[in-house]
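What follows is the residue order along each chain.
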Amino acid sequence: MTGSAVAAGALAMLLFGGFASYIFAGLETNNVQRIGHLTIFRDGYFLLGAGNPAAYGISHYDDVMNLIRQDPVVGPMVNVITPTQSLVGIAGNFSGESDASKTFLGVGLIPSDRDRMRQWDEFHLNTTRAPDPRLSDQDSARGLVGVGLARVLGLCAPLGLPGCPKPLPARTAASVALPLQQDIADLAQRDLGGAEANASHLPEIDLLAATAGGAPNVVRLTVSGSEPQGVKELDDNFIAMHLALAQQLVYGRGEHEVTGIVLQLRRSEDLLAARARLTALFAQHQLALDIRDFGELTPFYGQVVRLFASIFLFIAIVMGVIVLFAVVNTMTMNVMERTNEIGTIRAMGVRRSGIRWQFIIEGSLIGAIGATLGAILALVIAAIVNHAGLTWIPPGNVNEVPLQLDVAGRPLLVLTAWLALSLVATIAALIPASRAARLAVVDALRHV
Amino acid sequence: MTKIESHLQQPQGGAKAPVVRLHEIGKTYLSGKINVTALKGISLEIPVDRFSVVVGASGSGKTTLLNLIGCIDAPSSGKVEVCEQYIAKLDDDAVSDFRARNIGFIFQSFSLVPVLSAYENVEYPLLLVGMSAAQRQERTLAMLDAVGLGGQARQRPNELSGGQRQRVAIARALVKGPQIVLADEPTANLDSATGASIIELMRRVQKESHTTFIFATHDPQLMSHADEIFAIRDGQLTDHRTTGAP
């Protein structure tokens, strides 16, 4: 019975621990696929860059990337190194059917690097994504928008999205702004030189932003698809585009810089070493660059980890207390029932310490056997769940992923739970064991 | 049944000091809020190699006297010397070790460890004296054979009759070759025929092993085999008779 209580405690701890481990691995994989392990910014960007990304560009970023690639320490750790450009501006759809505009948060990237980053799967979660044909290294005019932004810009019909309102029949209010919209459209057309025609019938939007020098600039983006972002605020504002297009918008004919250099490492365990090496490298070359890891860039990750860790700790404490009381109760009953036996073997010459150890060992054996049974049961249940084909949408994600309980892949978790419960059972046996050892032989022999 | 003398420690020849010496022993204990005097100034000596019996009515102090001789209780006053060892000088661990080497117990209710087989119960005292596995096996099997339980070695106590259990208890008390075996009412829970056979057995093994047996009893059958009889009443020694050859 007591062994069952210990087994139940081990089972609860391991199943939840396995689930939490899977959540952590899933979140980490999602973040690393999206923003890499480390991002290098120009000093000051992390705190102030959101207001004016263009003002915090890294010049000669190719040199920085080559420096990293060729470094004998950090170079071999790197899986993908790729530049990114963050930008803010106004997106407008002035195609005539829907005259709409909306502020946007954009990111410029290299599509092939993005595809390679999405193949990262250190924890073997099978959440890698196939290369996205909607973005192409060869076509810098293409981009993706958040589903929310696509709706606002009236792109539902061409992108096949549900939930869009019907176009307004009368546009009296919009007509006031018509000259400005026409100006933006004309600017975009002029910027592209009128040479590129959209032959694929994909919708086009115009992006307006201020250049690093403060002048307004406009480019035209061919929207090749929409992508949900998981967080509504981002979904309503997000645009991903080719790095070249983002640089053209932000820097115009000036020097093309980037706001960040993303590093995706082969293994997460190299993160601290890579960061330390980069810090030393930048100091050595007097580069005013700042390094941030994905945990700093996505506070949500840390919040989820802390939440699950707190729940796990709570469950572990509750289970520990249950095991403690169950073992104390059992061992106390055991001592009472075996008082005569204790008297007999004490009379035969067993020392007090021998009696004490006997009951302590019994307590620890109850803990060890119960924890072992619980661990075996947890492994079996986890295997059943993992093969049941269950799916769910993790926090911060938009796609269904397999529901897994990562117990077998976490030997440290199993060992820790096993040791903790065995230790609690051993500690619980101390009081009854001491009571048994203190019994007077004649009193114990007289006990019925 | 085989003889057991070859397996047991033989007392030394020549003039032998008494195996038990009690001098002005008193024992008082607290029962609830009342001080009860169990023994009042008892002095006695028990020679080696004797079949000794302490007789008296219930509550006369027989068991208390045996507990003091067996070093599982301490006197309130007086001196206890067992096997030429002044017991009061020993600490608790030393007294435990002393019991493990020198004293065997046979209890009225057998007091076998229920989860151990007959063999394991008999082997247990040998573990306490640190004997090798081969020696333990040899002695245990010989001892079980000596008490007529060679065929029941693997049986648990609950699979044995009352007489068989007491035989296991006798084997357990004797297996380590103690100088003294103390038995408190060893036949009280047995029918008269079984009790008689147990007494015969104990008498035989006592003669073969030359171990001093000390009984607390009011069983007339047992008294009839005694070499020494100590009678106590109300905690005082009232009579001492030597009936057998010294």
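For the structure, check the block above.
Overview of the structure. Everything numeric here is computed off the predicted structure, so don't read it as measured data. (Residues numbered from 1 in each chain as written. Chains lettered and ligands numbered in written order. Predicted model: local features only at pLDDT ≥ 70, side-chain atom pairs only at ≥ 80, totals over all residues. Heavy atoms only, no water.)

Considerations on the overall build of chain B
For step 1, the next point in the chain: Scanning chain B for helices and strands turns up 7 helices and 10 strands.
For step 2, the next point in the chain: In terms of C-alpha radius of gyration, chain B reaches 17 Å, essentially the compact-globule figure of 18 Å for 246 residues.
For step 3, the next point in the chain: For chain B, the spread of C-alpha atoms along the three principal axes comes to 45 × 40 × 40 Å.
For step 4, the next point in the chain: In chain B, which comprises 246 residues, the share counted as buried stands at 50%.
For step 5, the next point in the chain: Long-range contacts, defined here as pairs at least 24 residues apart, represent 73% of the contacts in chain B between residues at least 6 apart.
For step 6, the next point in the chain: In the form shown here, chain B has an accessible surface area of approximately 10800 Å², with 47% of it arising from carbon and sulfur atoms.
For step 7, the next point in the chain: The centroid of the 25 positive side-chain charges in chain B is displaced by 1 Å from the centroid of its 26 negative side-chain charges. (Helix = DSSP H or I, 4+ residues; strand = E, 2+ residues; numbered from the N terminus. Rg over C-alpha atoms; globule rule 2.2 N^0.38 Å. Buried < 20%, exposed > 50% of the residue type's maximum accessible area, 1.4 Å probe, protein only. Contact = heavy atoms within 4.5 Å. Areas by Shrake-Rupley, 256 points an atom, 1.4 Å probe, with all protein chains shown as cover. Lys, Arg positive; Asp, Glu negative; His and termini not counted. Charge placed at Lys NZ, Arg CZ, Asp CG, Glu CD.)

Quick look at the overall build of chain A
For step 1, the next point in the chain: A count of helical and extended segments in chain A gives 17 helices and 11 strands.
For step 2, the next point in the chain: Against the 2.2 N^0.38 benchmark of 22 Å for 448 residues, chain A shows a C-alpha radius of gyration of 32 Å, more extended than a compact globule.
For step 3, the next point in the chain: Its C-alpha atoms give chain A principal-axis dimensions of roughly 105 × 60 × 35 Å.
For step 4, the next point in the chain: When the 448 residues of chain A are sorted by exposure, 49% land in the buried category.
For step 5, the next point in the chain: Within chain A, counting contacts between residues at least 6 apart in sequence, those at least 24 apart form 76% of the total.
For step 6, the next point in the chain: In the structure as shown, chain A presents an accessible area of about 21300 Å², 63% of it carried by carbon and sulfur atoms.
For step 7, the next point in the chain: In chain A, 32 side chains carry a positive charge and 37 a negative one; their mean positions are 11 Å apart.

Points about the pattern of salt bridges
For step 1, the next point in the chain: Evaluated as defined, the whole model comprises 33 salt bridges over all chains.
For step 2, the next point in the chain: Here Glu227(A) ties to Arg134(A) by a salt bridge, and the two come within 3.2 Å at their closest N and O atoms. Of this pair, Glu227(A) sits in strand S6 (residues 216-227) while Arg134(A) sits in the loop between helix H4 (111-117) and strand S4 (142-146), and the two are 93 residues apart along the sequence.
For step 3, the next point in the chain: The class of Glu227(A) is buried, set by a relative accessible area of 15%.
For step 4, the next point in the chain: The shortest N-O distance in the salt bridge between Arg21(B) and Glu45(B) comes to 3.3 Å. Within this pair, whereas Arg21(B) is found in strand S1 (residues 20-31), its partner Glu45(B) is found in strand S2 (residues 34-46), the two being separated by 24 residues in sequence.
For step 5, the next point in the chain: Residue classification places Arg21(B) among the partly exposed residues on the basis of a relative accessible area of 31%.
For step 6, the next point in the chain: Overall, the relative accessible area of 44% leaves Glu45(B) in the partly exposed class. (Salt bridge = Lys/Arg side-chain N within 4 Å of Asp/Glu carboxyl O.)

A few points about the packing of helix H3 (residues 118-128) of chain B against helix H5 (residues 162-174) of chain B
Residue and element names in this part refer to chain B.
For step 1, the next point in the chain: Running from amino to carboxyl end, H3 crosses H5 at an angle of 25 degrees, the nearest separation of the two axes being 7 Å. For the element pair H3 / H5, the angle class is roughly parallel. By crossing handedness, the relation of H3 to H5 is classed as right-handed. Across from Ala118, Asn121, Val122 and Pro125 in H3, the residues of H5 making contact are Val168, Ala171 and Arg172.
For step 2, the next point in the chain: Tallied by class, residues from the contact of H3 with H5 come to 5 nonpolar, 1 polar and 1 charged. (Axes fitted to C-alpha atoms, helices over the stretch in contact; angles between N-to-C directions. Parallel < 35°, antiparallel > 145°, perpendicular 65-115°, else oblique. Left-handed = near helix turned anticlockwise from the far one by under 90°. Nonpolar A, V, L, I, M, F, W, Y, C, P; charged D, E, K, R; others polar.)

Things to note about the sheet that holds strand S4 (residues 77-82) of chain B
Residue and element names in this part refer to chain B.
For step 1, the next point in the chain: The sheet built from 4 strands is open, its strands ordered S2-S1-S4-S5 with antiparallel pairing. Of all the strands in the sheet, the pair left with one neighbour each is S2 and strand S5 (85-86).
For step 2, the next point in the chain: Bridge count between S4 and S5: 2 bridges; the pairing is antiparallel. When the bridges of S5 are listed, Val82 appears paired with Gln85.
For step 3, the next point in the chain: The sheet strands contacting helix H1 (residues 62-69) are S1, S2 and S4, and the helix crosses S2 at an angle near 60 degrees. (Pairing = 2+ DSSP bridges.)

Some details on the environment of Asp227(B)
Residue and element names in this part refer to chain B.
For step 1, the next point in the chain: Its place among the elements puts Asp227 in the loop between helix H7 (220-223) and strand S9 (228-233).
For step 2, the next point in the chain: You can call Asp227 buried: its relative accessible area is 6%.
For step 3, the next point in the chain: Between the C-alpha atom of Asp227 and that of Leu44, which follows or precedes it by 183 residues, the distance is 15 Å.
For step 4, the next point in the chain: Reaching out from Asp227, the side chain makes a polar contact with the side chain of Arg203 at a distance of 2.7 Å. (Polar contact = N/O pair within 3.5 Å; in protein donor to acceptor, adjacent residues only side chain to side chain.)

Observations concerning the pairing of strand S3 (residues 99-109) of chain A
The two faces of the sheet receive side chains in turn, since in a regular strand these alternate between them.
Residue and element names in this part refer to chain A.
For step 1, the next point in the chain: Of the pairings in the sheet, the one linking strand S2 (residues 78-94) to S3 comprises 10 bridges and is antiparallel in character. Residue Gly89 lies in a different strand from S3, and its bridge partner there is Phe104.
For step 2, the next point in the chain: The sheet contact formed by S3 and strand S7 (residues 238-242) spans 5 bridges and is parallel. Counted as the bridge partner of Leu109 is His242 from S7.

Describing the interface of chain A and chain B
For step 1, the next point in the chain: If you look at the interface, chain A gives 14 residues, while chain B gives 19 residues.
For step 2, the next point in the chain: Here chain A and chain B share an interface that buries about 1500 Å² over both sides, 57% of which is from carbon and sulfur atoms.
For step 3, the next point in the chain: In terms of surface lost to chain B, no three residues of chain A exceed Met348(A), Arg351(A) and Val442(A), which account for 38% of the buried area on that side.
For step 4, the next point in the chain: Scanning the region where chain A abuts chain B turns up 4 salt bridges.
For step 5, the next point in the chain: For the interface between chain A and chain B, the tally reads 7 residue pairs in polar contact (both at pLDDT 80 or more).
For step 6, the next point in the chain: Elements supplying a minimum of two residues to the side of chain A that touches chain B: helix H14 (339-347) and helix H17 (441-446) of chain A.
For step 7, the next point in the chain: Counted by class, the side of chain A that touches chain B contains 7 nonpolar, 3 polar and 4 charged residues. (Buried area = accessible area lost by both parts, 1.4 Å probe.)

Describing the side chain of Asp115(A)
Residue and element names in this part refer to chain A.
For step 1, the next point in the chain: Note that Asp115 resides in helix H4.
For step 2, the next point in the chain: No salt bridge is formed by the buried Asp115; the nearest opposite charge belongs to Arg114, separated by 4.6 Å.
For step 3, the next point in the chain: Polar side-chain contacts of Asp115 include one of 3.0 Å to the backbone nitrogen of Asp132.
For step 4, the next point in the chain: Here Asp115 is in contact with Pro131 and Asp132, once residues within four sequence places are set aside.

Focus: the packing of helix H13 (residues 299-337) of chain A against helix H16 (residues 411-438) of chain A
Residues and elements named next belong to chain A.
For step 1, the next point in the chain: Running from N to C, H13 and H16 cross one another at 35 degrees; their axes reach a closest spacing of 8 Å. Both H13 and H16 take part in a crossing whose hand is right-handed. Packed against H13, whose contacting residues are Phe312, Gly320, Val323, Leu324, Val327, Val328, Met331, Thr332 and Val335, the element H16 presents Leu413, Leu421, Val424, Ala425, Ala428, Ala429, Pro432, Arg435 and Ala436 at the interface.
For step 2, the next point in the chain: Of the residues contributing to the contact of H13 with H16, the split by class is 15 nonpolar, 2 polar and 1 charged.

Looking at the pairing of S2(A)
Residue and element names in this part refer to chain A.
For step 1, the next point in the chain: Along S2, 13 of the 17 residues are buried, which leaves the element largely enclosed by surrounding structure.
For step 2, the next point in the chain: Inspection of the sheet shows S2 paired to strand S8 (residues 260-265) by 6 bridges, in the antiparallel sense. When the sheet's bridge partners are listed, Val80 is paired in S8 with Gln264.
For step 3, the next point in the chain: Pairing of S2 with strand S5 (residues 204-210), which is carried by 3 bridges, proceeds in the antiparallel orientation. Looking at S5, one finds that Gly92 is bridged to Asp206.

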